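Structural characterization, general
For reference, the chains in residue letters:
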Amino acid sequence: MGRAGNAMDRIQELLMKIWKEGVGKMDVRKSGAYRFLPSYRYEAHSHVEYEINYVLSGKCMMIFEEEYVPLKVGECIVISPFWKHGFLVDAKSGCKIQQTEMSVEIPESMKEIFPFCDRKVPYRLIRDCEDLVPVMEQLSRHHRNDRETYRAALLDLSVLQLIAALGYHTGKMQNGMAGVRNEKIRDLMKYIQEHYHEPLQIEKLAAGRGISSRFVRRYFTEEIGMPCSAYIQTLRLNKAKELLWETDKSITGIALEVGYGTPQYFCRIFREEIGMSPSAYRFSWKEKQIKKQISTQTDTQ
């Protein structure tokens, strides 16, 4: 076995060290297969866990400030703790993801063996990693039943198995960073992110960056999974939902703030895409918050 045998022994030794010293520190917050509707968007957020997402069907995109990472079937992204990231699903078919969010103490000294644990890097993109799916599915099954006598130990072993698999895949890749590499497209997307509430003409934006509008439209459709116009509309509607939740601004004020010329047009688009009027959406959110407050008060009494 020679050198290969020594390397295997070293990996096993490190895994046992993680398990031995990590008892009480390994925790799976969330694990399962999740389906997201077309044009679904989750605003930028961060958490203390590693987030592992394997795309089972459809297309989506992770957004890291100025970095845009398109993902398609068969690809997996490992997001490091505390890095802000947003999530956007394509407009056609939606997306299904096998996801695990887990906390585990992996010393920085081990990042040569387990490269994904380098928290200085926001994410690692992995391809050709179908073997991760059964590992993540097994972890999910144990997570649902972790209160049973042996399930807790099996869950920890599944976490170790996933760590080993991620270490293997990220170790064989020279660079797991693979966002939008085209600087002109990335600059255009950044501009749209910051100016979605303004009138935007793709032809003008493309020409100003020395690329054709046809190329931009093809890129959005093929890589992002939605037309550029749908991408802009998704940004506007999600900001509108946020304002409906968190402020008492008028419907007219919100419509103008997010880039719609008239409240009538805004309400029509909102109803078509969200399935209810902006007013009904605001009321449903407030109703949920009131029920949550009542439930919290009842629990503390």
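In what follows, the accompanying structure is described. Worth saying up front: this structure is predicted, and the values here are computed from it rather than measured. (Residues numbered from 1 in each chain as written. Predicted model: local features only at pLDDT ≥ 70, side-chain atom pairs only at ≥ 80, totals over all residues. Heavy atoms only, no water.)

Per the secondary structure count, the protein includes ten helices and eight strands. Within the protein, contacts between residues separated by at least 24 positions form 73% of all contacts whose residues are at least 6 apart in sequence. (Helix = DSSP H or I, 4+ residues; strand = E, 2+ residues; numbered from the N terminus. Contact = heavy atoms within 4.5 Å.)

Take the pattern of salt bridges next. Enumeration over the complete set of coordinates arrives at eleven salt bridges. Between Arg-29 and Glu-101 there is a salt bridge; the shortest N-O distance is 2.3 Å. Of the two residues, Arg-29 sits in strand β1 (residues 27-36) while Glu-101 sits in strand β7 (residues 95-103), which places them 72 residues apart along the sequence. Each of Arg-29, Glu-49 and Glu-101 takes part in a single network of salt bridges with overlapping partners. (Salt bridge = Lys/Arg side-chain N within 4 Å of Asp/Glu carboxyl O.)

Now for the nonpolar core. Counting 30 residues, the largest nonpolar core has Ile-52, Phe-114, Leu-162 and Ile-163 as its most contacted members. The biggest single contributor to this core is helix α3 (residues 151-171), with seven residues. (Core = buried A, V, L, I, M, F, W, Y, C linked by side-chain atoms within 4.5 Å. Buried < 20%, exposed > 50% of the residue type's maximum accessible area, 1.4 Å probe, protein only.)

Here we come to the packing of aromatic side chains. Applying the stated criterion across every chain yields a total of twelve aromatic pairs. Three or more aromatic residues joined by ring pairs make a cluster, and in this case those are Trp-245, Tyr-260, Tyr-265, Phe-266, Phe-270 and Tyr-281. Over the ring of Tyr-191 we find Arg-209, and its NZ or CZ is 5.3 Å from the ring centre. Positioned over the ring face of Tyr-260 is Arg-236, at 5.7 Å from the centre of the ring. (Phe/Tyr/Trp six-rings, centres within 6.5 Å; stacked < 30°, edge-to-face > 60°. Lys NZ or Arg CZ within 6 Å of the ring centre and 35° of its normal.)

Helix α7 (residues 228-246) packs onto helix α4 (residues 183-195) with a crossing angle of 35 degrees between their chain directions and a minimal axis gap of 9 Å. Relative to α7, α4 is oriented so that their crossing is right-handed. Across from Met-189, Ile-192 and Gln-193 in α4, the residues of α7 making contact are Cys-228, Tyr-231, Ile-232 and Leu-235. Partitioned by chemical class, the residues of the contact of α4 with α7 number six nonpolar, one polar and no charged. (Axes fitted to C-alpha atoms, helices over the stretch in contact; angles between N-to-C directions. Left-handed = near helix turned anticlockwise from the far one by under 90°. Nonpolar A, V, L, I, M, F, W, Y, C, P; charged D, E, K, R; others polar.)

Here we come to helix α9 (residues 263-274). A rise of 1.5 Å per residue sets the reference length of α9, with its twelve residues, at 16 Å; its end C-alpha atoms lie 16 Å apart and thus fit the reference within 8%. Gly-275 sits one or two positions beyond α9 and adopts a positive phi of about 95 degrees. (Expected span 1.5 Å × (residues − 1).)

Bringing unusual backbone geometry into the picture now. Its identity as a non-glycine residue notwithstanding, Phe-82 has a phi of 75 degrees, on the positive side. Mapped onto the elements, Phe-82 comes out in the loop between β5 (76-79) and β6 (85-89). You can call Phe-82 exposed: its relative accessible area is 53%. One non-glycine residue, Asp-128, lies in the positive phi region at around 55 degrees. Relative to the helices and strands, Asp-128 is located in the loop between β8 (123-126) and α2 (132-144). A relative accessible area of 58% places Asp-128 in the exposed class.

Another point: the environment of Tyr-34. Here Tyr-34 is to be found in strand β1. Placed 22 residues apart in sequence, Tyr-34 and Leu-56 show a C-alpha to C-alpha distance of 9.5 Å. Once residues lying within four places of it in the same chain are set aside, the contact partners of Tyr-34 are Cys-95, Lys-96, Ile-97 and Gln-99.

Next up on the list: the layout of surface pockets. Its volume calculated, the largest pocket comes out at about 580 Å³. Among the secondary structure elements, those contributing two or more residues to the lining of the largest pocket are β2 (41-45), α7 and α9. The greatest single-element share of the lining of the largest pocket, amounting to nine residues, is contributed by α7. Looking at side-chain class alone, the lining of the largest pocket contains nine nonpolar, four polar and six charged residues. Approximately 350 Å³ is the volume attributed to the second largest pocket. Along the walls of the second largest pocket sit 17 residues, with Arg-41, Glu-43, Ala-44, Ile-63 and Gln-193 positioned nearest its centre. Where the lining of the second largest pocket is concerned, the elements lending two or more residues are β2, β3 (50-64), β6, α4 and α7. (1 Å grid on protein atoms, 1.4 Å probe; cavity = no way out; pocket = protein on both sides within 12 Å on 5 of 7 lines; lining within 4 Å. Points joined across faces, edges and corners; volume = space filled by probe spheres on them.)

This part covers the environment of Leu-166. Mapped onto the fold, Leu-166 is located in helix α3. Residue Leu-166 is classed as buried on the basis of its relative accessible area, which comes to 0%. With 51 residues separating them along the chain, Leu-166 and Pro-115 place their C-alpha atoms 8.3 Å apart. In this structure Leu-166 touches Ile-52, Val-78, Phe-116, Ile-126, Leu-132 and Gly-171, once residues within four positions along its chain are discounted.

Taken together, the side chains of Leu-37, Tyr-40 and Tyr-42 define a hydrophobic patch exposed on the protein surface, amounting to about 310 Å² of accessible area. Mapped onto the fold, Tyr-42 is located in strand β2. For Tyr-42, a relative accessible area of 39% translates into the label partly exposed. (Patch = residues over 30% accessible without salt bridge, like charges linked within 9 Å, V, L, I, M, F, W, Y side chains within 5 Å. Areas by Shrake-Rupley, 256 points an atom, 1.4 Å probe, with all protein chains shown as cover.)

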